[in-house]
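A look at the structure
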Amino acid sequence: MSPFRSVGWFLLALPVAALAVVNPAPQAGEAARKAEVLEQVVAPDVEVTEPVEPLSEQEVEVLDPEGNDPLEEPITCLARTIYWEAKGVPGLDMESVANVVINRLASEEFPNSVCEVVKQGSEQSPCQFSWWCDGRPDEVVEGDAYEVAKDVARQALNQELPDHTNGALYFHDRTVHPPWADEYLLTAETEAFIFYRPNGTPP
């Protein structure tokens, strides 16, 4: 075979080989599966039948890379909640929002999946998390903040985050004071939020 023909075959094969290397679909599918198992570990009445493996940073990176995927799997639902609730105040505020979602997932009073926790109340107002049904687009507009939110979500599902909220199931922005806040026990405060749990609820 002539050297020119060899080069031609190599150039034709290159895009296919490159596609095989960068195609994130299998890795994303595996990451989503792991996340579902991890949420089942937290949920109080779901039996876990698969091996429990932590999510890696690389696996989470390929999930919802543009921040516009449907909200159908745990990392995307949790990360988008962290992002929209606290994208302007990363750090403790983002982690504390994640704590509340995980605390609800672990509570018998709330649904058994992250996405159901996040979307709860959309059938009848008010929503539990206002960003979910405020009528505005839910797609990410700040990629860097969303990357941080995704990593916080990964740590939360891996149970690597300390609970900064002392078992909180509710929170509100400091700029408002909802009526229910007077009925609950204040458990923690951050720069942007105040956190609560019902009286008599163990931390």
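Our subject is the structure listed above.
Residues numbered from 1 in each chain as written. Predicted model: local features only at pLDDT ≥ 70, side-chain atom pairs only at ≥ 80, totals over all residues. Heavy atoms only, no water.

**As for unusual backbone geometry**
Peptide bonds are mostly trans, and most non-glycine residues show a negative phi. We count it as follows: In this text, helices come from DSSP runs of H or I with a minimum length of four residues, and strands from runs of E with a minimum of two, each type numbered from the N-terminal end. Each residue is placed in one exposure class: buried if its accessible area under a 1.4 Å probe, protein chains only, is under 20% of its type's maximum, exposed if it is over 50%, and partly exposed if it falls in between.
With phi around 45°, Asp64 is a residue other than glycine that occupies positive phi space. Among the structural elements, Asp64 can be located in the loop between helix H3 (57–61) and helix H4 (74–86). Positive phi values are uncommon outside glycine, yet Asn166 reaches one of about 60°. Counting through the fold element by element, Asn166 comes out in the loop between helix H7 (143–157) and strand E1 (170–173). Assessed through its relative accessible area of 39%, Asn166 is described here as partly exposed.

**A closer look at the packing of aromatic side chains**
Formally: For Phe, Tyr and Trp, rings pair up if their centres lie within 6.5 Å, where Trp contributes its six-membered ring, and each pair is then called stacked (planes under 30 degrees apart), edge-to-face (over 60) or tilted (otherwise).
Taken as a whole and assessed by the stated rule, the structure comprises ten aromatic pairs. When the ring of Tyr83 is compared with that of Trp84, the centres are 4.9 Å apart and the planes differ by 80°; the resulting orientation is edge-to-face. Of the residues examined, Tyr83 reaches a relative accessible area of 0% and is grouped as buried. Residue classification places Trp84 among the partly exposed residues on the basis of a relative accessible area of 25%. Judged by centre distance (6.2 Å) and plane angle (75°), the rings of Phe193 and Phe195 are edge-to-face. Grouped by ring-pair contacts, the aromatic residues Phe110, Tyr170, Trp180, Tyr184 and Tyr196 constitute a single cluster.

**Some points on the side chain of Ser96**
We apply this condition: Working rule for contacts: check all heavy atoms of both residues, and any pair within 4.5 Å makes them a contact.
Mapped onto the secondary structure, Ser96 falls in helix H5 (residues 92–106). Given a relative accessible area of 1%, Ser96 falls into the buried group. What Ser96 contacts, discounting residues up to four positions off in sequence, is His164, Thr165, Thr190 and Phe195.

**A look at the nonpolar core**
As a reminder, the rule being used: Remark: nonpolar core denotes a set of buried residues (Ala, Val, Leu, Ile, Met, Phe, Trp, Tyr, Cys) joined through side-chain atoms within 4.5 Å.
Core analysis: the biggest nonpolar cluster contains 54 residues, and Leu55, Ile75, Leu78, Ile82, Val114 and Leu157 have the highest contact counts within it. Secondary-structure elements contributing two or more residues to this core are helix H2 (25–42), H4, H5, helix H6 (114–119), H7, E1 and strand E3 (193–198). Setting aside anything within four residues of it in sequence, one finds Ile82 in contact with Lys87, Met94, Val97, Ala98, Ala149, Val152 and Ala153.

**Things to note about the packing of H5 against H7**
Two numbers describe a pair of packed helices, the interaxial angle and the distance between the axes. How we decide: Axis lines are fitted to C-alpha atoms, over the contacting stretch for helices. Their N-to-C directions set the angle, which ranges from 0 to 180 degrees. Each angle receives one of four descriptions, namely roughly parallel if under 35 degrees, roughly antiparallel if over 145, roughly perpendicular if within 65 to 115, and oblique otherwise. Crossings are assigned a handedness: left-handed for a near helix turned anticlockwise from the far helix by less than a right angle, right-handed for a clockwise turn. Note that Gly is not counted as nonpolar here; it falls among the polar residues with everything else outside the nonpolar set of Ala, Val, Leu, Ile, Met, Phe, Trp, Tyr, Cys and Pro and the charged set of Asp, Glu, Lys and Arg.
As a packed pair, H5 and H7 sit with axes 10 Å apart at the nearest point and diverge in direction by 45°. Here H5 lies oblique to H7, going by the angle between them. Remark: the crossing between H5 and H7 carries right-handed chirality. In contact with Met94, Glu95, Ala98 and Ile102 of H5, H7 contributes Ala145, Val148, Ala149, Val152, Ala156 and Leu157. For the contact of H5 with H7, the class distribution of residues is nine nonpolar, no polar and one charged.

**Let's talk about H4**
Quick note on the threshold: Expected span, for any helix, means 1.5 Å times one less than how many residues it has. Residues adjacent in sequence count toward polar contacts only when both atoms are side-chain atoms; beyond that, a polar contact is any pair of N or O atoms within 3.5 Å, and within protein one must be able to donate a hydrogen and the other to accept it.
Helix length check: H4 (13 residues) gives 18 Å between terminal C-alpha atoms against 18 Å at 1.5 Å per residue, within 8%. Along H4, twelve of the 13 residues are buried, which leaves the element largely enclosed by surrounding structure. Within H4, burial applies to Pro74, Ile75, Thr76, Cys77, Leu78, Ala79, Arg80, Thr81, Ile82, Tyr83, Glu85 and Ala86. Sitting at the amino-terminal end of H4 is Glu73, which places a side-chain oxygen 3.0 Å from the backbone nitrogen of Ile75.

None of this, on its own, says anything about what the molecule does.
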